[in-house]
Amino acid sequence: MPKYAVLSDIHGNLEALEAVLKVCSAMGVDRFIVLGDIVGYNADPARCIEIIRNLNPAAVVRGNHDDYAISSNMENSGFNINAQIAIQWTHDHLNEDDRAWLSELPYKAVIPECNATAVHATLDSPEGWGYIFDVQHAAAHFTYQINQVCFCGHSHVPVAFDKIPFASSERRAVESIPEWEGDPEQDDEDDFEKDFSVGDMLTVKLEKGHKYLFNIGSIGQPRNGDPRASFAIYNPDEQTVSRCRVPYDIASAQQKVLDAGLPERLALRLSIGR
């Protein structure tokens, strides 16, 4: 069975996307699953769309930034002013073909070949752009999950949850998987500058009968205090899901944001992962 790379929240960050794809090639990835928000915030939305289309992914779903970039109508979007500026800029820098392709993306997708589901936000309300941060939100989501594994993004914060087949006094029906999150404060500060190695992964072994929800974090704008691009590798044969953290040329991505006239805040946050 193929080995899958799961990509989310690229947000027009070409430098981060290219660094991730280089690692995917070295790791022998066969197929890609893309969880949306290919565009928004950063300065290379059209190029990122082109690259994703050329990957011929097993599935691509629509994110909220993709959704708003189609028409740039942000009424009731809830976006702050920086995000609104970025969405309008993104809309203006996409051509009609780019926007038409984004408009055809579904809000969720089932991938039967690997017993997985892809969604940007949540399965219980994929078009409502809700967030999953805790077991209560995850429990609502699991009600709609038919496959063993579901991948989501949207929050830019990597979290994971396990739905236990038989709850007990010792185990709740839904539990978080803390090892998935990692702790950037405990990592060696020099790791952010080191080349990626296969050993720099956080791996979860899937158990038979359990259901899993993985938020894989963000490639293009991490918000968990770790500025490295975050993505996942799903290996159905080994029944593992691994989260990888990849350093990239943040300074170049920041300079592009500034040169494009986008808000300075969008450039500054890349180096701190917040």
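In what follows, the structure referred to is the one given above.
About the criteria used
Residues numbered from 1 in each chain as written. Predicted model: local features only at pLDDT ≥ 70, side-chain atom pairs only at ≥ 80, totals over all residues. Heavy atoms only, no water. Salt bridge = Lys/Arg side-chain N within 4 Å of Asp/Glu carboxyl O. Core = buried A, V, L, I, M, F, W, Y, C linked by side-chain atoms within 4.5 Å. Buried < 20%, exposed > 50% of the residue type's maximum accessible area, 1.4 Å probe, protein only. Helix = DSSP H or I, 4+ residues; strand = E, 2+ residues; numbered from the N terminus. Arc of directions from axis to C-beta. Contact = heavy atoms within 4.5 Å. Phe/Tyr/Trp six-rings, centres within 6.5 Å; stacked < 30°, edge-to-face > 60°. Lys NZ or Arg CZ within 6 Å of the ring centre and 35° of its normal.

1. Some thoughts on the pattern of salt bridges
Here is step 1: Within the structure shown, the criterion is met by eight salt bridges.
Here is step 2: Put simply, E15, D44 and K256 are held in one network by salt bridges that share partners.

2. A few points about the nonpolar core
Here is step 1: Membership of the largest hydrophobic core comes to 38 residues, with the highest contact counts inside it found for L7, I38, I52 and F231.
Here is step 2: At eight residues, the largest contribution of residues to this core is made by helix α1 (residues 14-26).
Here is step 3: In this structure, I111, V149, Y212 and A232 belong to the second largest nonpolar core, which totals 24 residues.

3. Quick word on helix α2 (residues 45-54)
Quick reminder: α-helices carry 3.6 residues per turn. Residues three or four places apart thus point the same way.
Here is step 1: By the burial criterion, the buried members of α2 are P45, C48, I49, I51 and I52. Looking straight down α2, one finds its buried side chains confined to an arc of 165 degrees; they lie on one side.
Here is step 2: Looking at the buried side of α2, the elements it contacts are β1 (4-7), α1, β2 (31-34), β3 (59-60), α4 (81-92) and α5 (96-103).
Here is step 3: One or two positions beyond α2, positive phi appears at N56, with a value near 50 degrees.

4. As for the packing of aromatic side chains
Here is step 1: Under the criterion given, the structure shown has eight aromatic pairs.
Here is step 2: Between Y68 and F79 the ring centres are 5.3 Å apart and the planes differ by 75 degrees, which places this aromatic pair in the edge-to-face class. With Y68 in helix α3 (residues 64-71) and F79 in the loop between α3 and α4, the pair connects residues that are 11 residues apart, well separated along the chain. Just as Y68 is buried, F79 falls in that class too.
Here is step 3: Judged by centre distance (5.7 Å) and plane angle (15 degrees), the rings of Y131 and F133 are stacked.
Here is step 4: Accessibility expressed as a relative area gives 38% for Y131, which makes it partly exposed.
Here is step 5: Overall, F133 belongs to the partly exposed group, its relative accessible area being 45%.
Here is step 6: In textbook terms, an aromatic cluster arises when at least three aromatic residues are bridged by ring pairs, as seen for Y4, F151, W180, Y212, F214 and Y234.
Here is step 7: Directly above the aromatic system of Y107 lies the positively charged group of R62, at a separation of 4.7 Å from the ring centroid.

Read these as layout, nothing more, since geometry by itself doesn't imply function.
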